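The residues making up each chain are set out below.
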Amino acid sequence: MNGRTVLERFPAGGPRGSWPAEEFAQARRLEGMPAEVVMDLATDMFLVIVRSGEAAVDAVV
């Protein structure tokens, strides 16, 4: 799966001024998880992901 884990999916057509995927990713980063947001063009969704290996490294440090 390209070395990524999808934590959550958000529709791209959210309300104006709302960034739920970015807010979710920021909350995970505050917990120490290296979450990032990517766009899945095929499904028109924002995905909050963690690249494989990064979560385990951060948990050990």
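Structure first, text after, so check above.
A. Representation of the pairing of strand β2 (residues 36-40) within the structure. Bridge analysis of β2 against strand β3 (residues 45-51) gives 5 bridges, and the strand direction is antiparallel. Paired with Glu36 across the two strands is Ile49, which belongs to β3. Connecting the antiparallel pair β2 and β3 is a turn made up of 4 residues, with Asp44 showing a positive phi of about 55 degrees.

B. Seen up close, the nonpolar core. Formed by Phe10, Ala21, Ala25, Ala35, Val48 and Val50, the largest nonpolar core amounts to 6 residues. For this core, the secondary structure elements donating two or more residues are α1 (20-30) and β3. In contact with Val48, not counting residues within four places along its chain, are Thr5, Val6, Leu7, Glu8, Phe10, Ala21, Phe24, Ala25, Ala35, Glu36 and Val37.

C. Spatial organisation of unusual backbone geometry. One non-glycine residue, Asp44, lies in the positive phi region at around 55 degrees. Structurally, Asp44 is set in the loop between β2 and β3. Asp44 gets classed as partly exposed once you look at its relative accessible area, which sits at 44%.

D. Geometry of the sheet that holds strand β1 (residues 4-11). Read across the open sheet, the 3 strands follow the order β1-β3-β2; overall the sheet is antiparallel. Every other strand in the sheet has two partners, leaving β1 and β2 as the edge strands with one partner each. Strand-to-strand, the axes of this sheet are offset by a mean angle of 35 degrees, without reference to chain direction. Taken strand by strand, α1 contacts β1, β2 and β3, and its axis lies near 145 degrees from that of β1.

Definitions and cut-offs
- Residues numbered from 1 in each chain as written.
- Predicted model: local features only at pLDDT ≥ 70, side-chain atom pairs only at ≥ 80, totals over all residues.
- Heavy atoms only, no water.
- Pairing = 2+ DSSP bridges.
- Helix = DSSP H or I, 4+ residues; strand = E, 2+ residues; numbered from the N terminus.
- Core = buried A, V, L, I, M, F, W, Y, C linked by side-chain atoms within 4.5 Å.
- Buried < 20%, exposed > 50% of the residue type's maximum accessible area, 1.4 Å probe, protein only.
- Contact = heavy atoms within 4.5 Å.
- Axes fitted to C-alpha atoms, helices over the stretch in contact; angles between N-to-C directions.

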